[in-house]
Amino acid sequence: MASTDPSALQRNIALPGDGLDAARMPGHWLLARLGKRVLRPGGVELTRWMLDTLGVEPEDRVVELAAGLGATARLTLARGPAAYTAVDRDAAAVAALGALAGPGPTVVRAVRSDAADTGLPDGGATVVYGEAMLTMQPEPAKRRVVREARRLLDDSTGRYAVHELCLLPDGLDPALADRITADLGDAIHVGARPLTPTGWSELLADEGFTVTAHTTAPMALLEPGRLVADEGVLPALRIAGRALRDPAALRRVLHMRRVFQRHRAHLGAISLIAVPTPTEP
């Protein structure tokens, strides 16, 4: 049986961004290279809320979109679903994710594919979720991913969840929203396009879902307390040590943290749970 131990996954996976200059690579790749494994805006606490509210049970067939380094995969497998499928575009990630296993008889597979076009069968999943990936997509791409999640889900028992960055509050001045988006892009070198809570709900509703629950959390990805809570004391110290030994990486991390702190009043994390909206006869 393959290991779900995080250190084993780290040994087996070639991290994104290997060989790239720390000054240029996307921020989440840089953090992964430094050893950070929880790369979700609301941290592991919001991920646990998402899984608890989804109610993943032994009869569920789960699909995770853009599964990445497998932090949430391990939490899901610990719940013993009937099946777990990871979807990711990175070949090394897919190889490592496919080797994971849970404590029970879960059928685990991983496919190399785009979250908007997985190639998986219609209605084959009871649970689909994705984290920290819709934020990085322009609106048409966001809609394609959500539409794909709807296609994958069983109409009667399906549940969908997202865990993303959000802008606060609803009704945020558009000029300020644009400035925050520009600052984020400059810091993380990825075109982040977060929505307000209402914006996220409307996106899901437009693509055939009814939101049944949602919650928000502070966006504290690089705060010491969150780092320890997500990674553990020793891993957090190792991440800090690696950053201190790499001046270019340290400059990037400090820049990202300054931007997050500058806009902390208007940046948060959000998770939404939704079910397919019944189609009218």
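Nothing here was measured: the structure is a model prediction, and the numbers come from that model.

1. Section: the packing of helix H6 (residues 139–152) against helix H8 (residues 197–206)
Here H6 crosses H8 at 55°, and the two axes come no closer than 9 Å. On the basis of their axis angle, the class for H6 and H8 is oblique. Note on packing geometry: the crossing formed by H6 with H8 is right-handed. For the pair H6 and H8, contact is made by Lys142, Arg143 and Val146 and by Trp200, Leu203, Leu204 and Asp206, respectively. Taken together, the residues of the contact of H6 with H8 sort by class into four nonpolar, no polar and three charged.

2. Re the nonpolar core
In terms of nonpolar packing, the biggest core is built from 33 residues, with Leu30, Leu184, Met256, Phe260 and Leu267 touching the most fellow members. Of all elements in the fold, only helix H2 (27–33), strand E5 (159–167), helix H7 (174–188), helix H10 (233–244) and helix H11 (247–262) reach the threshold of two or more residues within this core. Contacts of Leu184, omitting those with residues within four sequence positions, involve Leu165, His189, Val190, Ala192, Pro194, Val259, Phe260 and Leu267. If you look at the next biggest cluster of nonpolar residues, it comprises 25 residues, including Val146, Cys166, Trp200 and Leu204.

3. Overview of the pattern of salt bridges
Per the counting criterion, the structure on display carries 16 salt bridges. Of the charged contacts, one joins Arg147 and Glu207 as a salt bridge, the two residues approaching to 2.9 Å between their closest N and O atoms. Taken together, the residues Arg147 in helix H6 and Glu207 in the loop between H8 and strand E6 (209–218) connect sequence positions 60 residues apart. Each of Glu139, Arg143, Arg147, Asp206 and Glu207 takes part in a single network of salt bridges with overlapping partners.

4. Some points on a nonpolar patch on the surface
A surface patch of nonpolar side chains, amounting to about 370 Å² of accessible area, comprises Val228, Val233, Leu234 and Leu237. Ranked by the residues each element gives to the nonpolar patch, the list is headed by H10, at three residues. You can see Val233 is positioned in helix H10.

5. Details of the environment of Leu203
On the secondary structure map, Leu203 appears in helix H8. Judged by relative accessible area, Leu203 falls into the buried class, the value being 4%. Once the C-alpha coordinates of Leu203 and Val146 are considered, the two residues, 57 residues apart in sequence, prove to be 8.2 Å apart. Every residue in contact with Leu203, bar those within four places of it in the chain, is listed here: Lys142, Arg143, Val146 and Leu195.

6. Comments concerning H11
Given a rise of 1.5 Å per residue, 16 residues ought to cover 22 Å, and the 22 Å separating the end C-alpha atoms of H11 matches this to within 8%. Summarising the contacts, the buried residues of H11 are in contact with H2, H7 and strand E7 (267–276).

7. Digging into the pairing of strand E3 (residues 107–112)
Two elements, strand E2 (residues 83–88) and E3, share six bridges in a ladder whose sense is parallel. For Asp88, the partnering residue across the bridge sits in E3 and is Arg112.

8. Some details on the confidence of the model for the protein
In this model, the protein carries a mean pLDDT of 91, and residues with pLDDT of at least 70 account for 92%. This stretch, residues 1–12, has a pLDDT under 50; its non-local contacts, to residues over four places away or in other chains, come to 19 contacts.

9. A few points about unusual backbone geometry
Leu168 connects to Pro169 through a cis peptide bond whose omega is -10°. Mapped onto the elements of the fold, Pro169 is located in the loop between E5 and H7. Within the chain, Ala132 stands out as a residue other than glycine whose phi angle is a positive 55°. Position of Ala132 relative to the elements: it lies in the loop between strand E4 (127–131) and H6. Using a relative accessible area of 23% as the deciding quantity, one classes Ala132 as partly exposed. The backbone of His189 sits at a positive phi, close to 60°, despite the residue not being glycine. Here His189 is to be found in the loop between H7 and H8. Relative accessible area serves as the criterion here: at 35%, His189 is assigned to the partly exposed category.

Rules of the game
Sequence order sets the numbering: in each chain, residues are counted from 1 along the sequence as written. For this predicted model, a pLDDT threshold of at least 70 governs which residues receive local features, and a threshold of 80 or more governs which side-chain atom pairs are given and counted, while totals over whole chains, interfaces and linings are taken from all residues. The basis for the side-chain values is all heavy atoms of the structure; hydrogens and waters are excluded. The angle between two axes is taken between their N-to-C directions and runs from 0 to 180 degrees, where each axis is a line fitted to C-alpha atoms and a helix contributes only its stretch in contact. Numbered from the N terminus, helices here are DSSP runs of H or I no shorter than four residues, and strands are runs of E no shorter than two. Small angles under 35 degrees read as roughly parallel and large ones over 145 as roughly antiparallel, with 65 to 115 read as roughly perpendicular and the rest as oblique. Crossing chirality is assigned from the near helix's rotation relative to the far helix, an anticlockwise turn below a right angle marking it left-handed and a clockwise turn marking it right-handed. Between two residues, a contact is recorded if the distance between any of their heavy atoms is within 4.5 Å. Ten residue types, Ala, Val, Leu, Ile, Met, Phe, Trp, Tyr, Cys and Pro, are classed as nonpolar, four, Asp, Glu, Lys and Arg, as charged, and the remainder, Gly among them, as polar. Nonpolar cores are built from buried Ala, Val, Leu, Ile, Met, Phe, Trp, Tyr and Cys residues. Side-chain atoms within 4.5 Å join them into one set. For every residue, the accessible area (1.4 Å probe, protein chains only) is compared with the maximum for its type, and the residue is labelled buried under 20%, exposed over 50%, or partly exposed between those bounds. In what follows, salt bridge is the name for a side-chain nitrogen of Lys or Arg lying within 4 Å of a carboxyl oxygen of Asp or Glu. Every patch collects residues that have over 30% relative accessible area and no salt bridge, joining them within 9 Å if they carry like charges and within 5 Å if they are nonpolar side chains (Val, Leu, Ile, Met, Phe, Trp, Tyr). Per-residue accessibility takes into account occlusion by the displayed protein chains alone, with areas from the Shrake-Rupley method and a 1.4 Å probe. By this rule the span expected of a helix is its residue count minus one, scaled by 1.5 Å. The criterion for strand pairing is that DSSP finds at least two bridges linking the strands in question. What pLDDT reports is the predictor's confidence in each residue, on a scale of 0 through 100.

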